[in-house]
Amino acid sequence: GIEQSVTEAQDLSGLKKTLAIRIDTIRSHMQQFRQDQDQQLEAAEKQIHQLNQQVMHLQQKSDQLHTRIKQQRDLALTDPLTGLPNRLAYNDRIALEHARWKRYGHDLVLAVWDVDRFKQINDTYGHQAGDKALKVIGRLLQSQVRETDFVARFGGEEFLLVMPETALERARVLVEQLRAAVEACEFHFRGKRVPITISCGMTAFQADDTPEQVFDRADAALYRAKKNGRNQCVSA
């Protein structure tokens, strides 16, 4: 428009007026443009702020959900009576240790424990005494094994002990110490000392063993320990 005004101007005075009007128009448009830009920028900043708030809220929800899932998984893998890992947790751990054993060839031993005459404890002193005995045994086993070992309650009065990177001869010494600790514990129920002992069957992973085969072998050794008089550890 300015170029056209210059071309068509008849005199300088008229041209100045025309240019002044056009410059004012440009200035007005620029001011409006700045205002529009400022408003858009302000709106964008508000939207970004809202999005950041939403992202933070979603992150909090995600963290809470993650925590809840972990808590639920921990509950699912924990025996409620003894606080030890349960059978499901054992299945996860033995699969992991079995894979490591196959890859690296390190020694791996499984021990199966069973409380001697547990039914007699329940029948004589009641199920509360039986539950207390299981808790005491669970705490003893958990407190005296090594950090790399894994103790779980398999179910009923049975416990499992996984000993990675441990030769069978060394494992025999460890399980015997545990057996003696349980026998020596001062277990009382309602003011009366209740003798408790445990028997153990154990075996090492060999050749192409599966976890199921090893468990069956250890369980068979446990049966022999029971048959031979209880309160002893037998290895296969």
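Look a little higher up for the structure.
Here's a quick rundown of the structure. Everything numeric in this text was worked out from a predicted model, so none of it was measured. (Residues numbered from 1 in each chain as written. Predicted model: local features only at pLDDT ≥ 70, side-chain atom pairs only at ≥ 80, totals over all residues. Heavy atoms only, no water.)

Considerations on the side chain of Thr-203
With respect to the helices and strands, Thr-203 occurs in strand 6 (residues 198–204). In this structure the side chain of Thr-203 is engaged in a polar contact, spanning 3.0 Å, whose partner is the side chain of Arg-217. When sequence neighbours within four positions are dropped, the list of residues in contact with Thr-203 reads Leu-108, Val-109, Leu-110, Leu-168, Val-214, Arg-217, Ala-218 and Ala-236. (Helix = DSSP H or I, 4+ residues; strand = E, 2+ residues; numbered from the N terminus. Polar contact = N/O pair within 3.5 Å; in protein donor to acceptor, adjacent residues only side chain to side chain. Contact = heavy atoms within 4.5 Å.)

Some words on the packing of helix 5 (residues 127–144) against helix 6 (residues 168–184)
Viewed as axis vectors pointing N to C, helix 5 and helix 6 meet at an angle of 140°, and their least axial separation amounts to 10 Å. By the angle between their axes, helix 5 is oblique relative to helix 6. The way helix 5 lies across helix 6 gives a crossing that is right-handed. Facing helix 5, whose interface residues are Ile-137, Leu-140, Leu-141 and Gln-144, helix 6 presents Leu-178, Ala-181 and Val-182. Class assignment of the residues belonging to the contact of helix 5 with helix 6 gives a composition of six nonpolar, one polar and no charged. (Axes fitted to C-alpha atoms, helices over the stretch in contact; angles between N-to-C directions. Parallel < 35°, antiparallel > 145°, perpendicular 65-115°, else oblique. Left-handed = near helix turned anticlockwise from the far one by under 90°. Nonpolar A, V, L, I, M, F, W, Y, C, P; charged D, E, K, R; others polar.)

Structural notes on the environment of Glu-183
For Glu-183, the location among the structural elements is in helix 6. Linking Glu-183 and Ile-196, residues 13 residues apart in sequence, is a C-alpha distance of 6.0 Å. Aside from chain neighbours lying at most four places away, what touches Glu-183 is Arg-193, Ile-196, Thr-197 and Asn-231. A polar atom in the side chain of Glu-183 sits 3.0 Å from the side chain of Arg-179.

So, the sheet that holds strand 6
An order of 2-3-1-6-7 is seen for the five strands of this open sheet, with the pairing classed as mixed. Among the strands making up the open sheet, the edge pair consists of strand 2 (150–155) and strand 7 (233–235). Taken pair by pair, the neighbouring strands of this sheet meet at an average axis angle of 20°, ignoring direction. Two strands pair when backbone bridges link them, and strand 1 (residues 108–115) and strand 3 (residues 158–164) are joined in this way by seven bridges, in the antiparallel orientation. When the bridges of strand 3 are listed, Leu-110 appears paired with Val-162. Against the sheet, helix 3 (residues 87–104) contacts strand 1, strand 2 and strand 3, and its axis sits at roughly 135° relative to strand 2. (Pairing = 2+ DSSP bridges.)

With respect to a nonpolar patch on the surface
A grouping of Ile-2, Val-6, Ile-23, Ile-26, Met-30 and Phe-33 is seen on the molecular surface, where their side chains present a nonpolar patch of about 510 Å² in accessible area. Those elements giving two or more residues to the nonpolar patch turn out to be helix 1 (2–8) and helix 2 (12–76). With respect to the element layout, Val-6 can be found in helix 1. (Patch = residues over 30% accessible without salt bridge, like charges linked within 9 Å, V, L, I, M, F, W, Y side chains within 5 Å. Areas by Shrake-Rupley, 256 points an atom, 1.4 Å probe, with all protein chains shown as cover. Salt bridge = Lys/Arg side-chain N within 4 Å of Asp/Glu carboxyl O.)

Thoughts on the environment of Arg-170
Inspection of the secondary structure puts Arg-170 in helix 6. The exposure class assigned to Arg-170 is partly exposed, which follows from its relative accessible area of 42%. Along the backbone, Arg-170 and Val-145 are 25 residues apart, and their C-alpha atoms lie at a distance of 13 Å. (Buried < 20%, exposed > 50% of the residue type's maximum accessible area, 1.4 Å probe, protein only.)

Observations concerning the side chain of Asp-114
Along the chain, Asp-114 falls in strand 1. Setting aside anything within four residues of it in sequence, one finds Asp-114 in contact with Glu-157, Glu-158, Thr-197, Ile-198, Ser-199, Leu-222 and Lys-226.

What about the pairing of strand 2?
Extensive coverage of strand 2 is indicated by the burial of five of its six residues. Connecting the antiparallel pair strand 2 and strand 3 is a turn made up of two residues, with Gly-156 showing a positive phi of about 60°.

Re helix 3
Here helix 3 contains 18 residues, and its C-alpha end-to-end distance of 25 Å stays within 8% of the 26 Å for a straight helix at 1.5 Å per residue. Listing the buried residues of helix 3 in full gives Ala-89, Tyr-90, Ile-94, Glu-97, His-98 and Trp-101. Across the axial projection of helix 3, the buried residues extend over an arc of 160°, all falling on one side. Residues of helix 3 that are exposed and point more than 90 degrees away from the buried face comprise Lys-102 and Arg-103. Packed against the buried residues of helix 3 are strand 1, strand 2, strand 3 and helix 7 (211–227). Sitting at the amino-terminal end of helix 3 is Asn-86, which places a side-chain oxygen 3.2 Å from the backbone nitrogen of Leu-88. (Expected span 1.5 Å × (residues − 1). Arc of directions from axis to C-beta.)

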